[in-house]
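Fold and contact review
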Number of protein chains: 2
Amino acid sequence: MMKAGLVEAGEASKAMLHPKKTRGLAVFDLVLRLLAIAGTLGSAVGMGQAEQVLPFSTQFFRFDAQYDDFGEFQLFIIVNSIVCGYLALSLPVSVLHVVRRRASGKSRVMLVFLDTIILALLTAGASAAAAMVYLAHNGNSAANWFSVCQQYTEFCQSVSGSLIGSFIAMVGFVMLIILSSVALSRNH
Amino acid sequence: MMKAGLVEAGEASKAMLHPKKTRGLAVFDLVLRLLAIAGTLGSAVGMGQAEQVLPFSTQFFRFDAQYDDFGEFQLFIIVNSIVCGYLALSLPVSVLHVVRRRASGKSRVMLVFLDTIILALLTAGASAAAAMVYLAHNGNSAANWFSVCQQYTEFCQSVSGSLIGSFIAMVGFVMLIILSSVALSRNH
């Protein structure tokens, strides 16, 4: 009983001594989440709008390319939408960490848990799409897969561009996880 | 001065109250690292040995497939080797966390930092390779990329199999990061 009292007194005084240190981290956490929302939303929309129709056609066939010709690009849109949704749902928790003077360790650990899984998901989706973009640009002579970007230059440009948002969001998540662990190491 | 004394007393008594809780986590951390070493090493070696020569040839051409026909598979081996090397280097730190009764927060934060970056690297490498394996199996009719696995069945099987180790290691890393954050939230 005596010991428990000491622990609480110690923790409370420590939290009062460094209230701004973790608040700064919490604000940065919120900013990173907003940045990652913008990145993933931009990626999903950019990929969804990538389409190009070539200015010639045969009687039976129209030459066009769009994202749903490639399973990896469909996956990319789905993954980015999921991540964007998760980020929107995690915003209230992040705001709570800014507002409350002493954030509980449990909500931070939960955020690290979910952030890590979402980081893996986002990285997987973005890398699979990047591998396909690379192949579309360069082809693979050993497998007789020819570059499609020589015909569909515009399509390839928009697809390549839409990857950027995802990679920005990935860097954001890595920083988020590190921030949370720093906050956890300080805020107890 | 009085407050500082209270903080230290509180922390020390808390650490003495729960010494086994974080030790169990540290042992699990070590086991996960050993598992991930086995996984990434197996993946790198498995991919490196994947080769198949078809039982026919023309005067000018021998039909064979091996990992270095695909840039993504070369990348896969490099990434798995880097991750395996990092894990080997991180073992002493992990052992230190088991041996020492109160591990410092700094070494844990450093591990979370590096683990997160390495998780992103490993996921990127494994996903790019998985995208190529998927394409080798199924082809893509829109881009006129035909499946190569109909001829190179054995090659495709060994390549697909070698992905497993990487994905086991990925799950290991996600658990490592979560474990570290739980340990950080307890051990202060």
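Think of each chain on its own: its residues are numbered from 1, step by step along the sequence as written. Whichever chain is written first becomes A and whichever ligand is written first becomes 1, with later ones labelled in order. Since the coordinates come from a predicted model, pLDDT governs what is reported: local features require at least 70, and pairs of side-chain atoms require 80 or more to be given and counted, while whole-chain, interface and lining totals use all residues. Hydrogens and water are ignored here; the side-chain numbers use all heavy atoms of the structure.

Going by this rule: UniProt positions are given in the numbering used here, feature names are shortened, and annotations may be inferred rather than shown by experiment.
An unreviewed UniProt entry lists chain A under the name CASP-like protein, with Lithospermum erythrorhizon as the source organism. In the Subcellular location (unreviewed entry) part of its UniProt record, chain A is described as follows: "Cell membrane".

**Here we look at the relation of the copies chain A and chain B**
Put simply, the rule is: Fitting of the copies onto one another was done by least squares over C-alpha atoms, counting residues only where both copies have pLDDT of at least 70. Contacts: residue pairs with any heavy atoms within 4.5 Å of one another.
Overlay of chain A on chain B (RMSD 0.0 Å): rotation 180°, translation along the axis 0.0 Å. Taken together, the rotation and translation describe the operation of a two-fold axis. Interface overlap between copies: 100% of the residues of chain A at the interface are likewise at the interface in chain B, consistent with a symmetric, same-surface contact.

**Details of the nonpolar core**
Here is a general trend for soluble globular proteins: nonpolar side chains tend to be buried in one another's company. The cut-off we apply is this: For the purposes of this section, nonpolar cores are sets of buried Ala, Val, Leu, Ile, Met, Phe, Trp, Tyr and Cys residues that join through side-chain atoms within 4.5 Å. Burial status follows relative accessibility: with a 1.4 Å probe on protein chains alone, a residue under 20% of its type maximum counts as buried, one over 50% as exposed, and anything between as partly exposed. Under the scheme used here, helices are H or I runs from DSSP no shorter than 4 residues and strands are E runs no shorter than 2 residues, and both carry numbers assigned from the N terminus.
Residues F73, W145 and F173 of chain A together with F73, W145 and F173 of chain B are the most contacted members of the largest nonpolar core, which totals 100 residues. Put simply, the parts of the chain that give this core at least two residues each are α2 (19-49), α3 (71-99), α4 (105-138) and α5 (153-186) of chain A together with α2 (19-49), α3 (71-99), α4 (105-138) and α5 (153-186) of chain B. Leave out the neighbours within four places in its chain, and F73 of chain B touches M47, Y67, A129, M132, V133, F155 and V159 of chain B.

**Points about the interface of chain A and chain B**
This is how the line gets drawn: Summed over both partners, the accessible area lost on bringing two parts together, with a 1.4 Å probe, is the buried area. When a carboxyl oxygen of Asp or Glu lies within 4 Å of a side-chain nitrogen of Lys or Arg, that pair is called a salt bridge. The term polar contact refers here to a pair of N or O atoms within 3.5 Å; inside protein, the definition further demands a hydrogen-donor-capable atom paired with an acceptor-capable atom, and it admits residues adjacent in sequence only when both atoms are side-chain atoms. When residues are grouped by polarity, Ala, Val, Leu, Ile, Met, Phe, Trp, Tyr, Cys and Pro land in nonpolar, Asp, Glu, Lys and Arg in charged, and all others, Gly among them, in polar.
Contact with chain A, which involves 40 residues of that partner, is made by 40 residues of chain B. At the boundary of chain A with chain B, total buried surface from both sides reaches about 3,700 Å², with 77% on carbon and sulfur atoms. At the boundary of chain A and chain B, one finds 0 salt bridges. Counting the contacts that link chain A with chain B gives 4 residue pairs in polar contact (both at pLDDT 80 or more). Going through the elements one at a time, α1 (2-17), α4 and α5 of chain A are the ones with two or more residues in the side of chain A that touches chain B. Considering only residue class, the side of chain A that touches chain B consists of 26 nonpolar, 9 polar and 5 charged.

**Describing the packing of aromatic side chains**
Heads up, the condition is: What counts as a ring pair is set by centres within 6.5 Å for rings of Phe, Tyr and Trp (its six-membered ring), and what kind of pair is set by the plane angle: stacked under 30 degrees, edge-to-face over 60, tilted for all other angles.
Throughout the structure, instances matching the rule amount to 7 aromatic pairs over all chains. With a centroid separation of 6.5 Å and 40° between ring planes, the pair formed by W145 of chain A and W145 of chain B is classed as tilted. Of this pair, W145 of chain A sits in the loop between α4 and α5 while W145 of chain B sits in the loop between α4 and α5, each in a different chain. Accessibility expressed as a relative area gives 1% for W145 of chain B, which makes it buried. Three or more aromatic residues joined by ring pairs make a cluster, and in this case those are F70, F73, W145 and F155 of chain A together with F70, F73, W145 and F155 of chain B.

**Some points on the pattern of salt bridges**
A side chain of one charge can pair with a side chain of the opposite charge if their charged atoms are brought near each other. Applying the stated criterion across every chain, the model contains 4 salt bridges over all chains. Taken together, the shared-partner salt bridges connect D29, R33 and D115 of chain A into one network.

**Some thoughts on the state of the cysteines**
All names here are of chain A. The test is simple: Note on disulfides: each one is a pair of cysteine sulfur atoms within 2.5 Å.
Under the criterion given, the structure shown has 2 disulfides over all chains. In this model C149 forms its disulfide with C156; the gap between the sulfur atoms is 1.8 Å. Handedness here is read from the sign of the S-S torsion; for C149 and C156, about -85°, the answer is left-handed. Here C149 matches C156 in class, with each residue buried.

**Concerning the side chain of R33 of chain B**
Residue and element names in this part refer to chain B. Within the fold, R33 resides in helix α2. Under the relative-accessibility criterion, R33 is labelled buried at 0%. Not counting residues up to four positions away in its chain, the partners in contact with R33 are Y86, L87, S90, L91, S94, L111, D115 and L176.

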